[in-house]
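# Inside the fold
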Amino acid sequence: MTMFRHHPTRGRRTAGLLAAALATLSAGLTAVAPAHPARADTATLGELAEAKGRYFGSATDNPELPDTRYTQILGSEFSQITVGNTMKWQYTEPSRGRFDYTAAEEIVDLAESNGQSVRGHTLVWHNQLPSWVDDVPAGELLGVMRDHITHEVDHFKGRLIHWDVVNEAFEEDGSRRQSVFQQKIGDSYIAEAFKAARAADPDVKLYYNDYNIEGIGPKSDAVYEMVKSFKAQGIPIDGVGMQAHLIAGQVPASLQENIRRFADLGVDVALTELDIRMTLPRTAAKDAQQATDYGAVVEACLAVSRCVGITVWDYTDKYSWVPSVFPGQGAALPWDEDFAKKPAYHAIAAALNGGSPAPGGNCTATYRVTSQWQGGFTAEITVGNDHTAPITGWTVTWTLSSGQSISHMWNGNLTVNGQDVTVRDVGYNGTLGGNGSTTFGFQGEGVADTPADVTCTPGRPSGTSA
C-alpha cells in the first residue's frame, strides 16, 4: 500500500517487580529495550549506494519534520527523499482548479538543502482524492486529469528525478482496478497520464508504481504486459516502481528475475517503498530474519544494472505506517522507534558494500533488557555476523552505568575493569556463519538501562584463544 500514516510512538511499560516473582515471569516477558548496534560506520547508506551507482533513500512526511533527532538522521544518512503524502491530489488540488504545494515544498526544500534528490509521489491514484474528483462528469475527467498532471509536474519541473505518474492501477488477479479514472475514462487513462506528464517535463523520469509486483505472478505479469505495450507504442514510460511492502521470511524468490525482466524491456526499476514487517513482539530471531531479508532485497537490486535505487518507506519504526494498518505487526524498518540501528541496517550496509563489512567491521551486538526488579536486572546481547563470510571469534564491549555491576554471566568470557566490560566468545559460540548470530547474557545489580556504547569486534585478539 502507498498510504503514509503518522503513527505515534507507543510507550513501553516498566514495573517494579519482586525478584522472586520475576524469576517466574521473566521467560514470558517481551518488553525490549532499545537495540544498540555494534559499530559506528563511517559511510552512510546513501554513500554506500552511490558507490554502486544507486541511491538509497527514505520517504518522509510533514508531521515528522519538527522532530530534530529524526531530521538529523534523515538529512545525513540518505541520498534521496520521497514525499510520502503531500504531493497527492487531496493536498495539491483540494478543490477544482485551486492548487496548493505548500506542504510538499517544505519537504522538497529540506531535501535540496541537504543535497538529496527527490522522487515525486504520486500524480494519479484512486486513493486520497478530494471528493470533488468523483463528481466530475465522465466527459470532463480526462481533461481534469491532464490539467492536474500538467500543473503539478510543471510546478516541480527541474527539481525531481522521478514521478510516480500512476499508482496501483491493477488488482491482484491482474485486472484493472475500477477506480474513478478507469470507470469514466477507460483503459487509456494510464497512457494519457504518462503523455501529459512528459509534455509538462521532458526530462524527469516517469514511473508506474504498484505493490505486490515484486515477484512474478498475475499482477506483475499484467504490469509487465502494459509496459511492454507502452514501449512498443512509444508511450513515454521510463521506469517501474516496485513498492516492496514485504513480510519477514517471505521475500519473493523471483524478485531478482522479475527486476531483470522489466529491465530487459528497456525501463529502469526502483524499489520505492521498502519495509519488511514482522509479527510483534520483536525477538532476536525475528530481527535476524528481517536482516537477512533486507540484505537479499538489496542484493537483488544490485544484481541488475537498471535497478537504480531503493527507498525505505520512512526509516524508523517511530513513524511507520504498518502498526496502524496491520494490527499486531510492525518493527518493519532499519531503525527502531528510539532511532537505534537494528540488525537490518547492518545487513543493508553489508549488501551495499558488496557482501563485505562496511567500515568498522562485520560484527554487530544488540543489547536488550529482558527483566528487571528493585535493585537488579537481566540482559541479553545478540552477537550477529551481518554479511555472508563467516567470522571466527568476537569481542563485545560496553560501559556499565554508575552503580551497576555484573553478578553472573552465561555464554561469554567476562572481564571487568572498573565500569568497562569486555565479553569474549567461549569457543563453541565463536564461529558465526553468514548472517548468523548467537547470544550471551548476564544478571546485573543496579538500575537497568541500555548502554549507548555497545560495540563488537570480530576475530580474536593476538595471543588469545577461545
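All of the points below concern the structure found in this document. These numbers come from a predicted model, not from an experiment. (Residues numbered from 1 in each chain as written. Predicted model: local features only at pLDDT ≥ 70, side-chain atom pairs only at ≥ 80, totals over all residues. Heavy atoms only, no water.)

## Looking at the overall build of the protein chain
Within the protein chain one finds 14 helices and 20 strands. Counting only residues that meet the buried cut, the protein chain has 57% of its 466 residues in that class. A fraction of 78% describes how many contacts in the protein chain between residues 6 or more apart in sequence connect residues 24 or more apart. Accessible surface, the protein chain: about 17800 Å² in total, of which carbon and sulfur atoms supply 50%. (Helix = DSSP H or I, 4+ residues; strand = E, 2+ residues; numbered from the N terminus. Buried < 20%, exposed > 50% of the residue type's maximum accessible area, 1.4 Å probe, protein only. Contact = heavy atoms within 4.5 Å. Areas by Shrake-Rupley, 256 points an atom, 1.4 Å probe, with all protein chains shown as cover.)

## Section: the sheet that holds strand β14 (residues 394-399)
Strand pairs in the sheet, formed through backbone hydrogen bonds, run parallel or antiparallel to each other. Spatial ordering of the open sheet is given by β16-β17-β14-β20, a layout of 4 strands whose pairing is antiparallel. At either end of the open sheet lies a strand with only one pairing partner, and these are β16 (413-417) and β20 (455-458). Going from strand to strand, the sheet's axes swing by 20° on average, the running direction of each strand aside. With 5 bridges connecting them, β14 and strand β17 (residues 420-424) associate as antiparallel partners. Looking at β17, one finds that Thr399 is bridged to Asp420. (Pairing = 2+ DSSP bridges. Axes fitted to C-alpha atoms, helices over the stretch in contact; angles between N-to-C directions.)

## Considering the sheet that holds strand β12 (residues 376-385)
In space, the 4 strands of this open sheet follow the order β11-β12-β19-β15, with antiparallel pairing throughout. At either margin of the open sheet sits one strand with a lone partner, and together these are β11 (363-373) and β15 (405-410). Each adjacent strand pair in this sheet contributes to an overall mean axis angle of 25°, direction not counted. When β12 meets strand β19 (residues 437-445), the two strands line up antiparallel, connected through 9 bridges. The residue bridging Gly384 from the neighbouring strand is Ser437, located in β19.

## Here's the deal with the pattern of salt bridges
Enumeration according to the criterion identifies 18 salt bridges in this entry. The closest approach of N and O atoms between Asp238 and Arg198, which form a salt bridge, is 2.6 Å. With Asp238 in the loop between α10 (218-233) and β6 (239-242) and Arg198 in helix α9 (residues 189-200), this pair connects stretches of sequence that are 40 residues apart. The buried category is assigned to Asp238, whose relative accessible area is 19%. One salt bridge in this structure joins Arg261 and Asp221, with 2.8 Å as the shortest N-O distance. Here Asp221 lies in helix α10 and Arg261 lies in helix α11 (residues 255-263), a separation of 40 residues in the sequence. On the accessibility criterion, Arg261 (17% relative accessible area) is buried. By relative accessible area, Asp221 is classed as partly exposed at 31%. Taken together, the shared-partner salt bridges in this structure form one network comprising Glu105, Asp109, Glu112 and Arg159. (Salt bridge = Lys/Arg side-chain N within 4 Å of Asp/Glu carboxyl O.)

## A short note on empty space enclosed by the protein
Evaluation of the coordinates by the stated rule reveals 4 cavities of 30 Å³ or more. By volume, the largest cavity is sized at about 260 Å³. Contributing to the lining of the largest cavity are 23 residues, with Ala284, Asp287, Ala288, Pro343 and Thr382 lying nearest its centre. Mapped onto the lining of the largest cavity, the elements with two or more residues apiece are α12 (284-302), α14 (343-352), β11 and β12. In terms of residue class, the lining of the largest cavity is made up of 8 nonpolar, 10 polar and 5 charged. (1 Å grid on protein atoms, 1.4 Å probe; cavity = no way out; pocket = protein on both sides within 12 Å on 5 of 7 lines; lining within 4 Å. Points joined across faces, edges and corners; volume = space filled by probe spheres on them. Nonpolar A, V, L, I, M, F, W, Y, C, P; charged D, E, K, R; others polar.)

In short, the description is geometric, and any link to function would need to be established separately.
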